Amino acid sequence: MEKFSRRKFLLAGFLSSAVFLMDGCSLFGVTTPIDTIAILQHDLFPQASELGIVTAPYMHIIFHQSHISKSDKVFIKNGVKWLNEEAIKTYKITYTKLSFEKRQKILQTIAKTQWGENFLYDIMGYMFEAMLGDPIYGGNNNEAGWKWLAFHGGRPRPKEAFL
Amino acid sequence: MVDVCIIGSGAGGSPIAYELANAGFSVVVLEKGKDYTESDFNKDEIAVCRRDMFTPPLWEQKHIIKEYNDDGTFTRYDGEESGWNFWNGSMVGGSSNLMSGYFHRMKPNDFRLKSVYGEIKGANVVDWPLNYEELEPYYAKVEQVVGVSGKVVKHKFQEPRSTANFPYPPLQTNGATKWYDKACETLGYDVMPTPRAILSENALHRKGCFYSNFCGSYGCASGAKGSGRAALLQKCQAKIITDVFVYKLESDDKRVTQAYYYTTDGIRDSIRAKIFVLSAQAIESSRLLLNSKNRYFPNGLANSSGELGKNLIFSAGGSGRGRFVFEKLTKTQQKELMQVGVFFNRSLQDWYEFTQDAKKYKGGTIDFLFEHQNIIPRAMQEVYDSDGNLLWGEALAKNIYKRITTSRVLTFEVFNDWLPTDRCFVSVDEKVKDKYGVPVGVINLYGHPQDLKVGEYLAKKAVKLLEELGCEEIESSISSSPPPNLVAGGCRFGTDAKTSVLDKNCKAHDLENLYVADASFMPTGGSVPYTWTIYANSFRVADVIKERLQTFI
């Protein structure tokens, strides 16, 4: 039980830890990766919610999968920081607090940069993993992603998520 | 001391373990990966294909890759930084667990490329010290013991066989193969069902194929796939020690005396044996021998010739694809197209040899198969529009839905010879080490221009067929990019100890008790996937070792 609690604590740690956002040289505010990623993934693919699929919690698994490199994890966290800082630079407000239309404009801007394109590509990759991966990972609720695409998932199914 | 110690349990090591253990000899197999049974395998796309659960993370174990440039320099890539991954399957049975099992034999002329097709400038082409007739009984043995399904059809380059047909009938195929067969007839191509190392029915104490729809890259939950694990290691009493990494072979001037290994906990241990068989897959076998240099063999174990690591080859060629779209199909055809689970299983070998500009060329094989069913990359294919801009939202959802639900991609793979050259070889890095502190392998890459020329010739034939089939978005890509799962050479066998590492029986010229039994022995690779030939050769080497153990030791 103690081990489990510690793991839960660690899980909460990375994605819920503060990301300090800068406006030029001054500290502007604070956000957490999970807040930003939840909104970002919804902006990138609102159809997931329409299917009853929530993809952001899967990121907790990503941050604890043994075969994802440290640099990939750091890049996600940096991407969250840079995305918000782009919003601050343009609208003087964090990405998470912008209107849908303004968030889309920010996405269009960063998609033209190398880091932004890579970040959005990675975030969509993890999002589709949640949505179209095995339901054991928690995202593909009741196989809704598979049903949407008339896809038959492979059998046998895994009995536990790979960490 | 055991009779035989085998390093690596894949297609090279498993036949030897099977034969010698079943003959009553004590056999120990050292395997870097874990052991699995059919019940451990599932179709978890995230674990198997997105996270590569069966290969080591690159930050723990990697390669350095040096790609040859036209100006004579090499561009250096760090495997970890670039993500360039040459691992294939660290597990009992090795990557044979994850293969698609496209099984083609090499053909008689593949054994004598130099004699038949002549010297090629810039390439180190030689004849094998073995001919097809000597290996044929072992190809036939693999059909029986590992299990090959298919149907032999007459065609121009059908190799001689000692049996009329495969022991197991062909696997079920998708209805679209009828369109393919008709298109071949129109174009004058020979229809050839692809032989597969997959049981089409229950046999050999294994289950027949479940048609799970997820074969290549995945472990087989039915046991139908003829992996070294399912077909051989599970049927013998060889002792398999898993999760151990062999980092050095110790020798005196005549014999290997011990194999040293690390456990995953970093504990060092060793084992003594009368005979050592190295089968860690081509790159790693050369690396181990190079890292085992000692005072008797200062340039690497068994390397008095200086040929160790040299003439590394891959399968040359590339791939292509075309898309069947619902708009061009009847309702019945649409239904046939979307039938999943069953295979496509069609190959072309019409141009295994061809003439161009009055010159005879060795050609190759083209295998046709449906695009892999993994759903995540199929969705991710749509995140760029035709101008290369990222798509998201409604536009992306529409694209994904339409592509996946109303079309299907037929792909082809071209296999032709990767000519051996001085510029393609294995070495070890002086500074970069893996998590065990052992120098990593360096893969020096170069593709001979003729590889591309032949690949392009074959790809054009395949593209013509896709056009005849009415496919859209047809494209092909032939390059010198090496397929990491189709690698051979580095310890070529031959009759001359000055120009080869191994003798005809795959024993090191320099040492009395060291055999190399993965694809390292191959001086040229044929124009087919290697696995069947690796299996067949290992059964042959097993016979040699068995006789030695019975008579000399």
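Residues numbered from 1 in each chain as written. Chains lettered and ligands numbered in written order. Predicted model: local features only at pLDDT ≥ 70, side-chain atom pairs only at ≥ 80, totals over all residues.

Asker: Can you break down the overall build of chain A residue by residue, with the values?
Answerer: Each helix and strand counted, chain A has eight helices and two strands in total. Along chain A, helices (α) and strands (β) appear in the sequence α-β-β-α-α-α-α-α-α-α when read from the amino end. On C-alpha atoms alone, chain A measures out to a radius of gyration of 17 Å, which is about the 15 Å that the 2.2 N^0.38 rule sets for 163 residues. In terms of overall dimensions, chain A has C-alpha extents of about 55 × 40 × 25 Å along its principal axes. Relative to its 163 residues, chain A shows a buried fraction of 33%. Counting only contacts in chain A whose residues sit at least 6 apart along the sequence, the fraction spanning at least 24 positions is 56%. (Helix = DSSP H or I, 4+ residues; strand = E, 2+ residues; numbered from the N terminus. Rg over C-alpha atoms; globule rule 2.2 N^0.38 Å. Buried ≥ 20, exposed ≤ 12 C-beta atoms within 10 Å, placed from the backbone. Contact = placed C-beta atoms within 7 Å.)

Asker: Describe the pairing of strand β14 (residues 364-370) of chain B, naming the residues involved and giving the relevant values.
Answerer: All names here are of chain B. For β14, the tally of buried residues reaches seven of seven residues, placing the bulk of the element in the interior. Two elements, strand β11 (residues 346-348) and β14, share three bridges in a ladder whose sense is antiparallel. When the bridges of β14 are listed, S347 appears paired with D367. Direction of pairing for β14 relative to strand β15 (residues 407-417): antiparallel, over a ladder of seven bridges. Its bridge partner lying in β15, L369 is registered against T411. (Pairing = 2+ DSSP bridges.)

Asker: Summarise the environment of T55 of chain A; cite the residues concerned and give the values.
Answerer: Within the fold, T55 of chain A resides in the loop between α3 (47-50) and α4 (58-62). Residues within four places of T55 of chain A in sequence aside, it is in contact with Q41, A48, M127, A130, M131 and G139 of chain A.

Asker: Hey, could you go over the nonpolar core for me, with residue numbers and the actual values?
Answerer: V4, A17, V27, V142, F276 and V277 of chain B are the most contacted members of the largest nonpolar core, which has 165 residues in total. Per-element tally for this core: the top contributor is helix α7 (residues 114-132) of chain A, with 10 residues. Setting aside its immediate chain neighbours within four residues, V27 of chain B contacts V2, D3, V4, I6, A17, L20, A21, A238 and K239 of chain B. If you look at the next biggest cluster of nonpolar residues, it comprises 31 residues, including W128, F324, L410 and F415 of chain B. (Core = buried A, V, L, I, M, F, W, Y, C linked by C-beta atoms within 7 Å.)

Asker: Just give me the short version of unusual backbone geometry, but keep the residues and values in it.
Answerer: A cis amide bond links R155 of chain A to the next residue, P156 of chain A, at an omega of 0°. Tracing the backbone through its elements, the reader meets P156 of chain A in the segment after α8 (144-148). For K92 of chain A, which is not glycine, the phi dihedral falls at a positive 60°. Mapped onto the elements, K92 of chain A comes out in the loop between α5 (70-91) and α6 (100-110). Overall, K92 of chain A belongs to the exposed group, with 9 C-beta atoms counted inside 10 Å. Despite not being glycine, N311 of chain B has its phi angle at roughly 55°, a positive value. Secondary-structure assignment places N311 of chain B in strand β10 (residues 310-325). Take N311 of chain B: there are 27 C-beta atoms within 10 Å of it, and that puts it in the buried class.

Asker: Got a sec to walk through the interface of chain B and chain A? Specific residues and values, please.
Answerer: Much of the literature gives interface size as the accessible area that the parts lose upon coming together. The interface of chain B with chain A comprises 30 residues on the first partner and 29 residues on the second. Counting residues per element, the side of chain B that touches chain A draws most heavily on helix α11 (residues 393-406) of chain B, at six residues.

Asker: An account of the environment of F210 of chain B is requested, with residue identities and associated values reported.
Answerer: Residue and element names in this part refer to chain B. Counting through the fold element by element, F210 comes out in the loop between β5 (192-193) and α7 (228-231). Among the residues examined, F210 registers 15 C-beta atoms within 10 Å and is labelled partly exposed. Contact partners of F210, with chain neighbours within four places excluded, come to A221 and S222.

Asker: Can you explain the sheet that holds strand β17 (residues 439-445) of chain B? Please cite residues and give values.
Answerer: Backbone hydrogen bonds are what pair the strands of a sheet, in a parallel or an antiparallel way. Residue and element names in this part refer to chain B. If you walk across this open sheet you meet the four strands as β4-β3-β17-β16, and the pairing is mixed. Two strands close off the open sheet at either side, each with one partner strand: β4 (74-78) and β16 (425-433). Taken pair by pair, the neighbouring strands of this sheet meet at an average axis angle of 25°, ignoring direction. Pairing of strand β3 (residues 64-68) with β4, which is carried by five bridges, proceeds in the antiparallel orientation. Bridging across to β4, Y68 finds its partner in F74. Strands β16 and β17 of the sheet are contacted by helix α8 (residues 282-291), whose axis makes an angle of about 60° with β16. (Axes fitted to C-alpha atoms, helices over the stretch in contact; angles between N-to-C directions.)

Such coordinate-based values are descriptive only and should not be taken to indicate function.
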